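If you want the building blocks of each chain, they are given just below.
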Amino acid sequence: PLNDDYGPGTYKYPTDKAFQGEGLFDISSFSITRVREKYRFDLSFANLTDPWGSIHGFSLPLIEIYIGKKGTGILELYKEGANIKLDPDYPWSRLLKISGWWVRAYTPEDMNKEEDVWGAENNPADLDDIELNVEDNTITLYINEEIIGDLEGAHLYVLIGSFDPFGPDNFRTLSSDINSWNFSNIDNDNLKYAPRVIDLVLAEGIDQTKILGDYTEDYPTIVPIKIETKANTVLYLPFAIFLVILLLLGLFVMNKKPPVSNNK
């Protein structure tokens, strides 16, 4: 839904002029398309701006996409920063991080490795063999399947934060009062477990404010979206074979010459 880039429903934007406007972190649609050996990710926002002149054409959102399949991976986040927990039934084995300056990919084996704060040239997680375009408030990313694995039957957590190169795991932090550079939550002084996720993609019918607002005693638990397995493709195969047989029979009948009669 639109107009919900407020975390659990109570967050306010920083007051600096870079954050003037609405919908700056409001993801409005998300899709994945298979394109031969690549996947195309489309992430549309209500209002995608670039006040700091980034490389890719957007400055403010930080996008994290945790990807996994049941029975594999881990539940612990790559690094502390988002202030959320993953559903215990759905671990991750790949992580995509997308900012206006870089696209990075991680596996659980990369955890606890030292990284440069900016890492624009020296970060081993940076992906060079990608295509990223921004047009009409939509980020389009083409990425090789071998980097993120086959997505059929996978589940994903799509998290939107505010990019801060010096913040924990590049997430902008929270404050209990109005602030120029941090998000504020003036309705709650207890921010120990408050999520730094401003918006996210959830399955239809799940309330974002209830998910992100459950942080009184622990970090809120996020539920993933799921990519269903294409089980019905098997059903098309017998039908296709039947059509081919009919076509071959038709060609055989058309090409068969009628017998020559000896009657005069």
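Residues numbered from 1 in each chain as written. Predicted model: local features only at pLDDT ≥ 70, side-chain atom pairs only at ≥ 80, totals over all residues. Heavy atoms only, no water.

## With respect to the overall build of the protein chain
Helix and strand content of the protein chain: three helices and 14 strands. Split into buried and exposed, the 264 residues of the protein chain put 45% on the buried side. Taking contacts inside the protein chain between residues at least 6 apart in sequence as the whole, the part at least 24 apart equals 64%. Accessible surface computed for the protein chain: about 14,800 Å², of which carbon and sulfur atoms make up 52%. (Helix = DSSP H or I, 4+ residues; strand = E, 2+ residues; numbered from the N terminus. Buried < 20%, exposed > 50% of the residue type's maximum accessible area, 1.4 Å probe, protein only. Contact = heavy atoms within 4.5 Å. Areas by Shrake-Rupley, 256 points an atom, 1.4 Å probe, with all protein chains shown as cover.)

## Some remarks on the side chain of Lys97
Inspection of the secondary structure puts Lys97 in strand E5 (residues 94–98). The class for Lys97 is buried, based on a relative accessible area of 1%. Only 2.7 Å separates the side chain of Lys97 from the side chain of Asp169, close enough to count as a polar contact. Within the structure, Lys97 has its side chain in polar contact with the side chain of Asn170 (distance 2.8 Å). (Polar contact = N/O pair within 3.5 Å; in protein donor to acceptor, adjacent residues only side chain to side chain.)

## Looking at the pairing of strand E8 (residues 138–144)
Judged by how many residues are buried, E8 sits mostly within the fold: seven of seven residues are covered. Side chains Thr138, Thr140, Tyr142 and Asn144 of E8 all project onto a buried face; the interleaved residues Ile139, Leu141 and Ile143 project onto the opposite face, where all are buried too. Note that strand E2 (residues 38–45) and E8 share seven bridges and pair antiparallel. Across the sheet, the residue bridging to Lys38 is Asn144, located in E8. Examined bridge by bridge, strand E7 (residues 131–135) and E8 share five bridges and lie antiparallel to one another. The partner of Leu132 across the bridge, within E8, is Leu141. From the end of E7 to the start of E8, which pair antiparallel, there are two residues, and Asp136 there has a positive phi angle of about 50 degrees. (Pairing = 2+ DSSP bridges.)

## Re the packing of aromatic side chains
Taken as a whole, this structure holds 13 aromatic pairs when the rule is applied. Ring centres of Phe19 and Phe25 lie 6.5 Å apart, and the angle between their planes is 20 degrees; this geometry places the pair in the stacked category. For Phe19, a relative accessible area of 2% gives the class buried. Note on Tyr193 and Tyr219: the rings are 5.1 Å apart at their centroids and 85 degrees apart in plane angle, and the pair reads as edge-to-face. Taken together, the residues span a long stretch of sequence, with Tyr193 in the loop between strand E11 (183–184) and strand E12 (199–201) and Tyr219 in the loop between helix H2 (208–212) and strand E13 (221–222) at a distance of 26 residues. When its relative accessible area of 27% is taken as the criterion, Tyr219 is described as partly exposed. (Phe/Tyr/Trp six-rings, centres within 6.5 Å; stacked < 30°, edge-to-face > 60°.)

## Remarks on the environment of Leu151
Within the secondary structure, Leu151 sits in the loop between helix H1 (145–148) and strand E9 (155–162). Distance from Leu151 to Ile32, taken between C-alpha atoms, is 9.4 Å for residues 119 residues apart in sequence. Beyond its immediate chain neighbours, meaning those up to four positions away, Leu151 contacts Ile32, Tyr39, Phe41, Ile67 and Ile227.

## A few points about the sheet that holds E8
Across the sheet, four strands lie side by side as E1-E2-E8-E7; this open sheet has antiparallel pairing. At either margin of the open sheet sits one strand with a lone partner, and together these are strand E1 (27–35) and E7. Pairwise comparison of adjacent strand axes, ignoring direction, gives a mean angle of 15 degrees for this sheet. (Axes fitted to C-alpha atoms, helices over the stretch in contact; angles between N-to-C directions.)

## What about unusual backbone geometry?
Phi angles above zero are rare outside glycine, and Asn3 is one such case at about 60 degrees. If you trace the backbone, Asn3 turns up in the segment before E1.

## Quick look at the pattern of salt bridges
Where charged atoms of side chains with opposite charge meet at close range, the side chains can pair. Following the criterion strictly, the structure yields six salt bridges and no others. Between Glu145 and Arg34 there is a salt bridge, with its nearest N and O atoms 2.5 Å apart. With Glu145 in helix H1 and Arg34 in strand E1, the pair connects residues that are 111 residues apart, well separated along the chain. Here Asp42 ties to Arg40 by a salt bridge, and the two come within 2.7 Å at their closest N and O atoms. Exposure remark for Arg40: the relative accessible area of 29% places this residue in the partly exposed category. One continuous salt-bridge network, built from bridges that share partners, spans Glu64, Lys97 and Asp169. (Salt bridge = Lys/Arg side-chain N within 4 Å of Asp/Glu carboxyl O.)

## Considering the layout of surface pockets
Counted as a void, the largest pocket has a volume near 320 Å³. For the largest pocket, the lining is made up of 16 residues, of which Pro1, Ile27, Leu200, Val201 and Leu202 are closest to its centre. Looking at the lining of the largest pocket, the elements with two or more residues in it are E1 and E12. No other element matches the four residues that E1 contributes to the lining of the largest pocket. Partitioned by chemical class, the residues of the lining of the largest pocket number nine nonpolar, four polar and three charged. Here the second largest pocket defines a volume of roughly 260 Å³. Lining the second largest pocket are 14 residues, with Glu76, Leu77, Lys79, Glu80 and Gly81 sitting closest to its centre. (1 Å grid on protein atoms, 1.4 Å probe; cavity = no way out; pocket = protein on both sides within 12 Å on 5 of 7 lines; lining within 4 Å. Points joined across faces, edges and corners; volume = space filled by probe spheres on them. Nonpolar A, V, L, I, M, F, W, Y, C, P; charged D, E, K, R; others polar.)

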